[in-house]
Amino acid sequence: MQSLDLKSLSVDQLWDLHEELVSQLTRKMAAEKNRLDVRLRKLRLPDGKLKHERRPYPKVLPKFKNPHNPAETWAGRGKTPRWLSKQLRSGKKLNDFRVERPHASV
């Protein structure tokens, strides 16, 4: 790209340069907008809503288990289950319900 000595240009030459810049910017911005609109249309569903594809999350293993009903487990995420809340209110500790996992041998 060649450099211009803007100080040496006349007012008319500067104005012509300004108009050329504005026209080039307008053209390039319109092309970029069209490209982005095409991408956005590809993301939208027919009803106009955006597609929301969730990334795959790993399975979360349970960390706590109800001793009275081993089928009731909790991974430690979200709201505390009723069976655990009841036990904690009765004075038991959270670690009393922890699921023991075998340690990985190296």
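The coordinates are above.
Residues numbered from 1 in each chain as written. Predicted model: local features only at pLDDT ≥ 70, side-chain atom pairs only at ≥ 80, totals over all residues. Heavy atoms only, no water.

Undergrad: Residues and numbers for a nonpolar patch on the surface, please.
TA: A surface patch of nonpolar side chains, about 260 Å² in accessible area, is lined by L4, L6 and L14. Tracing the sequence through the fold places L14 in helix α1 (residues 11–43). (Patch = residues over 30% accessible without salt bridge, like charges linked within 9 Å, V, L, I, M, F, W, Y side chains within 5 Å. Areas by Shrake-Rupley, 256 points an atom, 1.4 Å probe, with all protein chains shown as cover. Salt bridge = Lys/Arg side-chain N within 4 Å of Asp/Glu carboxyl O. Helix = DSSP H or I, 4+ residues; strand = E, 2+ residues; numbered from the N terminus.)

Undergrad: Tell me what's going on with the nonpolar core, and back it up with residues and numbers.
TA: By size, the foremost hydrophobic cluster in this structure holds five residues: F64, W74, W83, L84 and F97. Apart from the residues lying within four places of it in its own chain, the contact partners of F97 are K63, F64, K65, P67, W83, L84, Q87 and K92. (Core = buried A, V, L, I, M, F, W, Y, C linked by side-chain atoms within 4.5 Å. Buried < 20%, exposed > 50% of the residue type's maximum accessible area, 1.4 Å probe, protein only. Contact = heavy atoms within 4.5 Å.)

Undergrad: Pulling in residues and values, what's your account of the side chain of N66?
TA: For N66, the position within the fold is in the loop between β1 (64–65) and β2 (73–74). A relative accessible area of 6% places N66 in the buried class. A polar atom in the side chain of N66 sits 3.0 Å from the backbone nitrogen of H68. A polar contact of 2.5 Å, which involves the side chain of N66, links it to the side chain of E72. Apart from the residues lying within four places of it in its own chain, the contact partners of N66 are E72 and W83. (Polar contact = N/O pair within 3.5 Å; in protein donor to acceptor, adjacent residues only side chain to side chain.)

Undergrad: Account for the pattern of salt bridges, with residues named and values stated.
TA: Across all of its chains, the model carries two salt bridges by this definition. In this structure, R35 engages E32 in a salt bridge whose closest nitrogen and oxygen atoms are separated by 2.6 Å. Taken together, the positions of R35 and E32, both in helix α1 and three residues apart, correspond to about one turn of that helix. D37 serves as the salt-bridge partner of K33, at 2.9 Å between the closest nitrogen and oxygen. A residue pair is termed a helical-turn pair when its members lie 3 or 4 positions apart in one helix, as K33 and D37 do in helix α1 at four residues. The class of D37 is partly exposed, set by a relative accessible area of 25%.

Undergrad: Report on the environment of L84, specifying residues and quantitative values.
TA: Here L84 shows up in helix α2 (residues 82–89). Along the sequence, L84 and Q2 sit 82 residues apart, while their C-alpha atoms lie 74 Å from each other. Contacts of L84, omitting those with residues within four sequence positions, involve W74, L94 and F97.

Undergrad: Which residues make up α2, and what values go with them?
TA: Inspection of α2 places W83, L84 and Q87 among the buried residues, and these make up the whole buried set. Buried residues of α2, seen end-on, are gathered within an arc of 95° and therefore sit on one face of the element. Opposite the buried face of α2, at more than 90 degrees from it, the exposed residues are R82, K86 and R89. Of the surrounding secondary structure, the elements contacted by the buried residues of α2 are β1 and β2. Backbone geometry just after α2 places G91 at a positive phi near 110°. (Arc of directions from axis to C-beta.)

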